[in-house]
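These are the residues of each chain, in order.
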Amino acid sequence: MKLRLISMGIAMFAVSLLNSCNHDDWFDRESKTLITDQQLWNDPKLLTSLVANYYDRLPTLHGVFNTGGMTELDDAMWSGHRDQNWRNDFQFGDDYGRYWDYGLIRDLNLSLENIAKFSTQLSDAQRKQYNAEIRFIRAFVYFEMVKRMGGVPIVTTQLIYDFSGDPTPLQVARSKEHEVYDFIYQELEEIKEDLAANNASKTRANKYAALALESRAMLYAASIAKYNNLMASPITTAGGEVGIPANMASAYYSKSLAASKEIISAPFALYTENADKGANFYDMLNKKTGREVIFAKDFATSLKVHRFAYDNIVRSLTEDNESSSTISPSLSFVESFDYLDGSKGTLHTKNTDGNYVAYSHIDAIFANKDARLYGTIIYPGSTFRGRAVSIQAGVAIWNNNKYQLHAAAQLGQQLKEELGKEYAGGLWTGFDGPLYDAQDVSNTGFYIRKFVSDAPAASTRGTSAANWWPWFRLGEIYLNATEAAFELGQVADATGYVNKLRERAGFPANSVTNLSMDIIRNERRVELAFEDHRFYDLKRWRMAHLVWDGSENDTNAVVYGLYPYRISRPGHVDDGKFIFERVRPARFRRARFFRMANYYASISQDVINKNPKIVRNPFH
């Protein structure tokens, strides 16, 4: 009985306690683990974290240190682990470059709507800034989609199913290709001033990043309007989802040029901090100083690292037993760097009589070249991290009135008496190759320097690298201005822009006097190499099928290398000199073949099944 009374008393006390408590104080207390809408959309730290996630999801094809992607065009081949040698034996598939990310678009639209709905405690300036940053990212994503897919559905609000059984309100048709470019331009024009608060930042969208995206996107639109319509059979769809009218080209070129000019006149400058012009070009993207970079993905700021140096360090300079030397730049790319006297960059390996040219020093063949070559490529006789590389394919022995070329069985092997006592002594094959059928060593005679960090331990797994990836930099803007001005007939201005850039590379002032699109295209190749431009440049000029034509005799469709051999010819004037042999590495299996179907990637059948309004791209 006593226990029953105690139990009843406890129950009555609990009821009285509940009755005395306010409903909000008990049942609706704020969670210690969940973030409410009011908290998220009014807290600058939380919003900044959310936007940082969106920045991290910005798409690329061959960019952001995509080692494999960089070996799939004509600037390099794959020389890493054999399990990825398919990169040397592939064709561009129908889905190559496909990008259709409406999950990210939905997240961005949701954020924009929630900022408008919930961010009552933010200042007007804060609200505008976050809104503008998210719209910039959305414009960037739409640009990535349109340049790969053509016109895509423009969705700027959440698509929410009403459970009516009718999905048609969610099925948005593709916009015309030019309508997507127009949308991108309009968005950027509306938000660019709201991004000015970020102008001091290299890692958050600012006014000049918006202008840089305008500069690039409008140039792409203009090129497609012009060059697609110059094809014998323009690539189009009946509804305009693919193809831009030719009469729109001039307006797009003008918009690109206007954006470029505004950036050039802004507080940016080409990087010129190192008197050594070759080293200067390398430093420009690795030292994080100067005013050239406009907008970048900075791994150090985001407390992340990448393994680009680990994947591509020169073999003899590796700091980790497992690191690789994966990217082998091509000879055609190296020869795209002109000589400073203005002559073409073809390397002189043989005389007109067919005999080898003997060079006193292994790097003499590269003398008086565009300084960007040194800043981009590690070639025989050059250095990295203050150490000489050991690039030598073998030795050349004179026999029967010609040179016989011999390579050692092992890297770094010294020549003893294997080829005869009279030839003994000196390096036989370098520690860094090249070897034409080897793994984790150059197969072409070249290594990549650009983007490979020279920081201590950058090529180790434990440390890795933290140098940044440039989304936009002033060098590109000068080239965009050059091309747009040239296409608009403003040749003098265009020439001035390109010469400004070439002076930084060591060319004399006013080195270009007769500007052409061929010069502009080559300048883009050497200045912007491995920065995720070449694939799209050749597509927008409608030249990809001509450059990567599948021909086994085409030096762009096929990757070749250049192998240096030390002459061992006792008693002859050429003894100890070097000759060079053009070689097709055995690991490179198939010529690059770009088909008409690759100008626009195929749309997934799953997307078409869900939305019958989606029109297929041509050739798919």
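Residues numbered from 1 in each chain as written. Predicted model: local features only at pLDDT ≥ 70, side-chain atom pairs only at ≥ 80, totals over all residues. Heavy atoms only, no water.

### So, the pattern of salt bridges
Between side chains of opposite charge, a pair can form when the charged atoms approach closely. The final tally for this structure, using the stated rule, is 46 salt bridges. Here Glu 187 makes a salt bridge to Arg 135, at a shortest N to O gap of 2.9 Å. Of this pair, Glu 187 sits in helix H8 (residues 177-191) while Arg 135 is found in helix H7 (residues 124-149), placing the two residues 52 residues apart along the sequence. According to the relative accessible area criterion, Glu 187 is buried, its value standing at 8%. Connected via shared salt-bridge partners are Glu 292, Asp 370, Arg 372, Lys 450, Arg 473, Arg 502, Arg 504, Glu 523, Glu 527 and Glu 531. (Salt bridge = Lys/Arg side-chain N within 4 Å of Asp/Glu carboxyl O. Helix = DSSP H or I, 4+ residues; strand = E, 2+ residues; numbered from the N terminus. Buried < 20%, exposed > 50% of the residue type's maximum accessible area, 1.4 Å probe, protein only.)

### Examining the packing of aromatic side chains
In this structure the tally under the stated criterion is 43 aromatic pairs. With a centroid separation of 6.0 Å and an interplanar angle of 45 degrees, the aromatic rings of Phe 92 and Phe 535 are classed as tilted. Of this pair, Phe 92 sits in the loop between strand E1 (76-78) and helix H6 (102-118) while Phe 535 sits in helix H18 (residues 534-540), placing them 443 residues apart in sequence. Phe 92 gets classed as buried once you look at its relative accessible area, which sits at 2%. Its relative accessible area of 2% is what places Phe 535 among the buried residues. Every member of this aromatic cluster is reached through a ring pair, and the members are Trp 86, Phe 90, Phe 92, Tyr 96, Phe 535, Tyr 536, Trp 548, Phe 594 and Tyr 599. Over the ring of Trp 398 we find Arg 569; its NZ or CZ atom is 3.9 Å from the centre of that ring. (Phe/Tyr/Trp six-rings, centres within 6.5 Å; stacked < 30°, edge-to-face > 60°. Lys NZ or Arg CZ within 6 Å of the ring centre and 35° of its normal.)

### Concerning the nonpolar core
Counting 160 residues, the largest nonpolar core has Phe 136, Tyr 142 and Tyr 181 as its most contacted members. Tyr 142 has contacts with Tyr 102, Ile 105, Val 152, Pro 153, Ile 154, Val 155, Val 180, Phe 183 and Ile 184, leaving out every residue within four places of it along the chain. The next biggest cluster of nonpolar side chains, apart from the first, holds 8 residues, and it includes Ala 393, Tyr 403, Tyr 563 and Val 583. (Core = buried A, V, L, I, M, F, W, Y, C linked by side-chain atoms within 4.5 Å. Contact = heavy atoms within 4.5 Å.)

### Points about unusual backbone geometry
In this structure, Pro 434 follows Gly 433 across a cis peptide bond, with omega equal to 10 degrees. Here Pro 434 lies in the loop between strand E8 (402-406) and strand E9 (447-448). Positive phi values are uncommon outside glycine, yet Ser 464 reaches one of about 65 degrees. Following the sequence through the fold, Ser 464 ends up in the loop between E9 and strand E10 (469-473).

### A word on the sheet that holds strand E12 (residues 578-583)
Spatial ordering of the open sheet is given by E8-E7-E11-E12, a layout of 4 strands whose pairing is mixed. The sheet terminates laterally at E8 and E12, the two strands that pair on one side only. Here the strands of the sheet are splayed against their neighbours by 40 degrees on average, with no regard to which way each runs. Alignment of strand E7 (residues 394-399) against strand E11 (residues 561-568), held across 4 bridges, turns out to be parallel. Residue pairing across strands places Ile 397 opposite Ser 568, the latter belonging to E11. (Pairing = 2+ DSSP bridges. Axes fitted to C-alpha atoms, helices over the stretch in contact; angles between N-to-C directions.)

### Quick word on the side chain of Glu 177
Structurally, Glu 177 is set in helix H8. No salt bridge is formed by the buried Glu 177, whose closest oppositely charged neighbour, Arg 542, lies at an N-O distance of 5.5 Å. At 3.0 Å, the side chain of Glu 177 forms a polar contact with the side chain of Tyr 600. When near neighbours in sequence (up to four residues on either side) are disregarded, Glu 177 contacts Val 146, Gly 150, Gly 151, Ile 224, Gly 240, Glu 241, Val 242, Gly 243, Ile 244 and Tyr 600. (Lys, Arg positive; Asp, Glu negative; His and termini not counted. Polar contact = N/O pair within 3.5 Å; in protein donor to acceptor, adjacent residues only side chain to side chain.)

### Points about the pairing of E8
The sheet contact formed by E7 and E8 spans 5 bridges and is antiparallel. Bridge pairing in E8 places Asn 399 opposite Lys 402.

### A short note on the confidence of the model for the protein chain
Interpreting fine coordinate detail is not advised for predicted regions of low pLDDT. When pLDDT is averaged along the protein chain, the result is 94; 95% of the residues meet or exceed 70. Contacts of residues 1-18 to residues separated by more than four positions or lying in other chains number 1 contact, the stretch itself having pLDDT below 50. (pLDDT = per-residue confidence, 0-100.)

### Section: helix H11 (residues 277-284)
Here H11 lies mainly inside the structure; 7 of its 8 residues are buried. The complete set of buried residues in H11 reads Gly 278, Ala 279, Asn 280, Phe 281, Tyr 282, Asp 283 and Met 284. For H11, the capping residue at the N-terminal end is Asp 276, with a side-chain oxygen 3.1 Å from the backbone nitrogen of Gly 278.

### As for the packing of H6 against H7
In the contact formed by H6 and H7, the axes pass within 10 Å of each other and the chain directions differ by 160 degrees. In this view, H6 runs roughly antiparallel relative to H7, as classed from their interaxial angle. Relative to H7, H6 is oriented so that their crossing is left-handed. Touching Tyr 102, Leu 104, Ile 105, Leu 108, Asn 109, Ser 111, Leu 112 and Ile 115 of H6 are Arg 127, Tyr 130, Asn 131, Ile 134, Arg 135, Ile 137, Arg 138, Val 141, Tyr 142 and Met 145, all from H7. Looking at the contact of H6 with H7, its residues break down into 12 nonpolar, 3 polar and 3 charged. (Parallel < 35°, antiparallel > 145°, perpendicular 65-115°, else oblique. Left-handed = near helix turned anticlockwise from the far one by under 90°. Nonpolar A, V, L, I, M, F, W, Y, C, P; charged D, E, K, R; others polar.)

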